[in-house]
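# Inside the fold
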Amino acid sequence: MKYNSTRDKSKVVSASQAIAQGISEEGGLFVPQELPQYTMDDIKALLAEDYRGRAKKIMGDFLSDFTKEEIEESVDAAYTAEKFGGENPAPISYIESGNKKMSLLELWHGPTCAFKDMALQILPHLLTKSVRKTYSGKEAVILVATSGDTGKAALEGFKDVEGTRMMVFYPVNGVSPMQKRQMATQKGNNVNVVAIEGNFDDAQTGVKNIFTNTAIKEKLAANNMLFSSANSINWGRLLPQIVYYFSAYCDMVDEGKIALGDPINVCVPTGNFGNILASFYAMNMGLPVSKFICASNANNVLTDFIRTGTYDKKRTFYTTISPSMDILVSSNLERLLYHLTDGDAEKVAGLMKALNTEGVYTVDEDLKAKLNQYFWGGYCDDAETRKTIGELYREENYLADTHTAVAVNVYGQYVDETGDTTPTVIASTASPYKFAKAVLASITDETLPEDEFSMVDTLSERTKTAVPAPLASLKDAQERFSFTCAAEEMPQTVLNGLHIG
Ligand SMILES: *Cc1c(COP(=O)(O)O)cnc(C)c1O
């Protein structure tokens, strides 16, 4: 299977090249030229497998220049019961309330307690193998822009992985105290963490600019290094996410919630559009998904886009209690545009150029109609998010984090507006303990304790739920990283960090 760039169809690469490189030279994203097609019998065959078996089959169909052994080794190393707290790394909690049928797909049982682990526990295995195949002997320098969860998950995945170095940039005031603590205390000799004065989009733009900066690339090449990406622009991040939608469907059949062949909907709390796009790929491979519900917080650029056809990033940026969705430029939307235009790279390049220079683009009626055939968009603000956490807890005894609550709220809006009661997989993307303050404030009126770890303990006592071990252990961990720089200083910071400045 070959991959080409969303902005230039003449750029054709292998799977390992797409993963090693991360992003195409001219700024486009790599997309598969065709998708494996699964019949209901194929899905039935997946039913007999466990999560790892499903992952091997699906990922193997995409990674055609990997050997069977390489894929098995990667999957087996990534999704261990030890790392994910059980045999099924992505279990489902079912909630039925009135005409709402929710399957909360819990993607946060991994080492950093957010769904990014599902991809970032396996990416280092895929990436190091990819670099070996295509650029043997080079050291991969991985730059990450994070709104909180990607950074920690990437650090944990890549720490002390031979042949890799990592630098993570996060917005200094744009992550939760727990997220900051997770990153500042990161272990590993090949990692570095830097706060930047700016928001997530500044960090992401900064990283993208460094990737495409010829002078810096040449400096790296002279030192036998190359850039790669662990952000969801990397195909190696998206691919593992396709697996859990198939696996969730199989589990729902297995657990008697649906019959094989029944349609489902999918609702995803969305930031960079990676997670929801993975479900769209699954549908295009044969998974019976009818509707994709795209849930946003107050940064509702995607809601507006889905409803009006105009993507306008020139708007106020809000810092919310669901920080991993505080994003105005959703990178992976580019891949969706590419697929919805049947691979019109010129058109996509034009839209992305408009976004870059004007900050806004509008799609034509055809494209808008296709978008609305599949996608429904909605959003909720912080007050609604808190209310939803409180209701879920009191009425369903389910403790949801802020991001998951946004999705549950928007799913409710969708059902109320459309009357569509198709069973819906809702991506539950983080442990409530990562956002203890906001969650605690949503379920009690009492005065909150001051410090983060007292809040975590109070949340645990109040709800009689256990603090995830990886978060509990942070309390006494040593802080290693406290450096802050301006967004303009990012290129120099990278060179300094690599000692090639
Ligand atoms: C990253 C993240 C999201 C957004 O996912 P995208 O793939 O960027 O759309 C939602 N919730 C949590 C907890 C996250 O960490």
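You'll find the structure just up there.
Anyway, here's the lowdown on the structure attached to this text. (Residues numbered from 1 in each chain as written. Predicted model: local features only at pLDDT ≥ 70, side-chain atom pairs only at ≥ 80, totals over all residues. Heavy atoms only, no water.)

## A look at the overall build of the protein
- Each helix and strand in the protein was counted, giving 23 helices and 16 strands.
- What you see for the protein is a C-alpha radius of gyration of 21 Å, in line with the 23 Å of a compact globule of 501 residues.
- With respect to the three principal axes, the spread of C-alpha positions in the protein is 60 × 50 × 45 Å.
- For the protein, the proportion of its 501 residues judged to be buried stands at 61%.
- When contacts within the protein are restricted to residue pairs at least 6 apart in sequence, long-range pairs at least 24 apart make up 76% of them.
- On the protein, roughly 18400 Å² of surface is accessible, and the fraction owed to carbon and sulfur atoms is 46%.
- Considering the protein, the positive charge centre built from 48 side chains and the negative charge centre built from 65 side chains are found 3 Å apart. (Helix = DSSP H or I, 4+ residues; strand = E, 2+ residues; numbered from the N terminus. Rg over C-alpha atoms; globule rule 2.2 N^0.38 Å. Buried < 20%, exposed > 50% of the residue type's maximum accessible area, 1.4 Å probe, protein only. Contact = heavy atoms within 4.5 Å. Areas by Shrake-Rupley, 256 points an atom, 1.4 Å probe, with all protein chains shown as cover. Lys, Arg positive; Asp, Glu negative; His and termini not counted. Charge placed at Lys NZ, Arg CZ, Asp CG, Glu CD.)

## With respect to the nonpolar core
- Counting 112 residues, the largest nonpolar core has Phe 62, Met 166, Ile 242, Phe 246, Tyr 361 and Phe 375 as the members making the most contacts within it.
- Broken down by element, the residue count for this core peaks at 13 residues, all from helix H12 (residues 235–254).
- When neighbours within four sequence positions are excluded, Tyr 361 is seen to be in contact with Phe 305, Gly 309, Thr 310, Tyr 311, Leu 333, Leu 337, Leu 351, Met 352, Ala 354 and Leu 355.
- Residues Phe 200, Ala 203, Ile 210 and Met 490 belong to the second largest nonpolar core, which totals 26 residues. (Core = buried A, V, L, I, M, F, W, Y, C linked by side-chain atoms within 4.5 Å.)

## Considering helix H13 (residues 274–285)
- If you check H13, its first and last C-alpha atoms are 17 Å apart, about what 12 residues at 1.5 Å a residue would give, namely 16 Å.
- Counting buried residues along H13, 11 of its 12 residues qualify, which places the element largely inside the surrounding structure.
- Within the span of H13, buried status applies to Gly 274, Asn 275, Ile 276, Leu 277, Ala 278, Ser 279, Phe 280, Tyr 281, Ala 282, Met 283 and Met 285.
- Gly 286 occupies a position one or two residues after H13 and carries a positive phi of about 125 degrees. (Expected span 1.5 Å × (residues − 1).)

## Re unusual backbone geometry
- In this structure, Cys 113 takes a positive phi of about 70 degrees despite not being glycine.
- In this structure, Cys 113 sits in the loop between strand S5 (100–106) and helix H6 (116–120).
- A positive phi is found at His 499, a non-glycine position, where the angle reads about 60 degrees.
- Checked against the element boundaries, His 499 lands in the segment after helix H23 (490–497).

## Quick word on the site of the ligand
- Lining the immediate surroundings of the ligand are 15 residues, of which Lys 116, Asp 149, Gly 271, Asn 272 and Asn 275 lie closest.
- Between the ligand and the protein, one listed contact pairs an oxygen atom with a backbone N or O atom of Gly 271 at 2.7 Å.
- For the ligand, an oxygen atom lies 3.2 Å from a polar atom in the backbone of Gly 274.
- Summarising the interface, the protein chains cover 98% of the accessible area of the ligand, which totals 390 Å² for the free molecule.
- By residue class, the composition of the shell around the ligand is five nonpolar, eight polar and two charged. (Near = heavy atom within 4 Å. Polar contact = N/O pair within 3.5 Å; in protein donor to acceptor, adjacent residues only side chain to side chain. Nonpolar A, V, L, I, M, F, W, Y, C, P; charged D, E, K, R; others polar.)

## As for the sheet that holds strand S6 (residues 139–145)
- Here we have five strands laid out as an open sheet, ordered S9-S6-S7-S8-S16, and parallel in their pairing. At either margin of the open sheet sits one strand with a lone partner, and together these are strand S9 (225–229) and strand S16 (484–486). Between one strand and the next, the sheet's axes are offset by a mean angle of 30 degrees, whatever the strand orientation.
- Set on the sheet, helix H10 (residues 200–211) makes contact with S6, strand S7 (164–171), strand S8 (191–197) and S9; between it and S6 the angle comes to about 155 degrees.
- Here H23 sits on the sheet and contacts S6, S7, S8, S9 and S16; the angle it forms with S7, its principal contact strand, is near 150 degrees. (Pairing = 2+ DSSP bridges. Axes fitted to C-alpha atoms, helices over the stretch in contact; angles between N-to-C directions.)

## Some thoughts on the pairing of S7
- In terms of residue burial, S7 counts as a mostly covered element, since seven of its eight residues are buried.
- The pairing of S6 with S7 spans six bridges and is classified as parallel. Note that in S7 the partner of Leu 143 across the bridge is Met 167.
- In this view, the connection linking S6 to its parallel neighbour S7 by way of helix H8 (residues 149–158) has right-handed handedness. (Right-handed = clockwise from strand over helix to strand, strands pointing away.)

## Looking at the pattern of salt bridges
- Within the structure shown, the criterion is met by 22 salt bridges.
- Its salt-bridge partner being Lys 152, residue Glu 156 comes within 3.5 Å of it at the nearest N-O pair. One end of the pair, Glu 156, and the other, Lys 152, are both in helix H8, four residues apart, so they sit about a helical turn from each other.
- For Lys 152, a relative accessible area of 8% gives the class buried.
- A salt bridge links Lys 159 to Glu 156; the shortest N-O distance between them is 2.6 Å.
- Judged by relative accessible area, Lys 159 falls into the partly exposed class, the value being 31%.
- Within the structure, one salt-bridge network assembled from shared partners comprises Asp 8, Lys 11 and Glu 25. (Salt bridge = Lys/Arg side-chain N within 4 Å of Asp/Glu carboxyl O.)

## Considerations on the environment of Ala 438
- Looking at the element boundaries, Ala 438 is found in helix H20 (residues 436–443).
- Between the alpha carbons of Ala 438 and Asp 65 there is a distance of 45 Å; along the sequence they are 373 residues apart.
- Those residues in contact with Ala 438 that sit more than four places away from it in its chain are Ile 321 and Thr 402.

## A few points about the sheet that holds strand S4 (residues 92–97)
- Pairing is mixed in the open sheet, where six strands are placed in the order S4-S5-S15-S10-S11-S14. Bordering the open sheet on either side are S4 and strand S14 (375–379), each of which pairs with just one other strand. Taken pair by pair, the neighbouring strands of this sheet meet at an average axis angle of 25 degrees, ignoring direction.
- In this structure, S4 lies alongside S5, joined through six bridges in antiparallel fashion. Within the sheet, the bridge partner assigned to Glu 96 lies in S5 and is Lys 101.
- Across the sheet, H12 is in contact with S4, S5, strand S10 (264–269) and strand S15 (424–428); its angle to S4 comes to roughly 60 degrees.

## Comments concerning the packing of helix H4 (residues 68–78) against helix H7 (residues 123–134)
- Where H4 meets H7, the closest approach of the two axes is 9 Å, and the angle between their N-to-C directions is 150 degrees. Classified by the angle between their axes, H4 and H7 sit roughly antiparallel to one another. On H7, the residues that touch Glu 70, Glu 73, Ser 74 and Ala 77 of H4 are His 125, Leu 126, Lys 129 and Lys 133.
- Among the residues forming the contact of H4 with H7, the class breakdown is two nonpolar, two polar and four charged. (Parallel < 35°, antiparallel > 145°, perpendicular 65-115°, else oblique.)

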